[in-house]
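Observations on chain architecture
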Amino acid sequence: MNKLKGIFSIGIGNIFANGISAIFWLYLAQLLDSGKYGELNYFVGVAGMAEIITLFGTTSVTVHTAKNTNTSPALFLLTIVATAVASSAIFLTTHRFDISLLVFGFALNDLSLAWLLGKKFYLKYTKIILAQKILMVIFSLGLYNFWGSDFIIYGMSLSYAI
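Values in this document were obtained by computation on a predicted structure and should not be read as measured data.

**Here we look at the overall build of the protein**
Looking only at helices and strands, the protein features 7 helices and 0 strands. At a minimum sequence separation of 6, the contacts of the protein that also span at least 24 residues come to 70%. In the structure as shown, the protein presents an accessible area of about 9,200 Å², 72% of it carried by carbon and sulfur atoms.

Structure, rendered in structure tokens:
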């Protein structure tokens, strides 16, 4: 029964987190002009592609953590080094520090969530993904209101620091 409760917790958490993200992006689409919105999505897409390339160990972290093997630190280190290389390459090509930070945020968030799932901390996983999405909205819109649309990605990056 606890396993079912954990899976239910993950599902509900993911549904609400995706709902928060959808509303956030729809609100941004209304708030920004089409050029800025497209640019924002382009740079988030670049960060997402870099994150996919650098995530060598996410699935392995979940499996090895669940089996209580001691390979997770090596997988974490490998992923962090690959993320540093990808972030540097992105910074050198785009000259945007915010995108490099977002790549780190994506990668570290995925590794920590994989670890939580491997340890079967389902409720903590749910709390973290919901907190991250809520903080993404608060930080991104807050920075947008103070400094403009160029700081939305900084807000997204900050939200992954929880």
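**What to know about the nonpolar core**
The biggest cluster of nonpolar side chains holds 22 residues, and the ones touching the most others in it are Leu28, Leu40, Val44, Leu102 and Ile152. Only α1 (2-31), α2 (34-54), α4 (72-94), α5 (97-118), α6 (122-147) and α7 (152-159) provide two or more residues apiece to this core. Residue contributions to this core peak at 5 residues, all from α2. In contact with Ile152, not counting residues within four places along its chain, are Phe24, Leu28, Leu32, Leu40, Ser140 and Tyr144. Grouped together as the second largest cluster of nonpolar side chains are 7 residues, Ile10, Leu113, Tyr125 and Ile129 included.

**Remarks on the packing of α5 against α7**
Contact geometry of α5 with α7 gives a least axis separation of 9 Å together with a crossing angle of 25 degrees. Comparing the axis directions of α5 and α7 gives the class roughly parallel. The hand of the α5/α7 crossing is left-handed. Mapping the contact onto sequence places Phe97, Asp98, Ile99, Leu101 and Leu102 in α5 and Ile153, Tyr154, Met156 and Ser157 in α7. Considering only residue class, the contact of α5 with α7 consists of 7 nonpolar, 1 polar and 1 charged.

**Some points on the packing of α1 against α6**
It is the contact of α1 with α6, at a shortest axis distance of 7 Å, that shows an interaxial angle of 10 degrees. The angle between α1 and α6 falls in the class roughly parallel. Residues of the contact of α1 with α6, tallied by class, amount to 18 nonpolar, 7 polar and 1 charged.

How each quantity is defined
Residues numbered from 1 in each chain as written. Predicted model: local features only at pLDDT ≥ 70, side-chain atom pairs only at ≥ 80, totals over all residues. Heavy atoms only, no water. Helix = DSSP H or I, 4+ residues; strand = E, 2+ residues; numbered from the N terminus. Contact = heavy atoms within 4.5 Å. Areas by Shrake-Rupley, 256 points an atom, 1.4 Å probe, with all protein chains shown as cover. Core = buried A, V, L, I, M, F, W, Y, C linked by side-chain atoms within 4.5 Å. Buried < 20%, exposed > 50% of the residue type's maximum accessible area, 1.4 Å probe, protein only. Axes fitted to C-alpha atoms, helices over the stretch in contact; angles between N-to-C directions. Parallel < 35°, antiparallel > 145°, perpendicular 65-115°, else oblique. Left-handed = near helix turned anticlockwise from the far one by under 90°. Nonpolar A, V, L, I, M, F, W, Y, C, P; charged D, E, K, R; others polar.

Geometry only, nothing functional implied.
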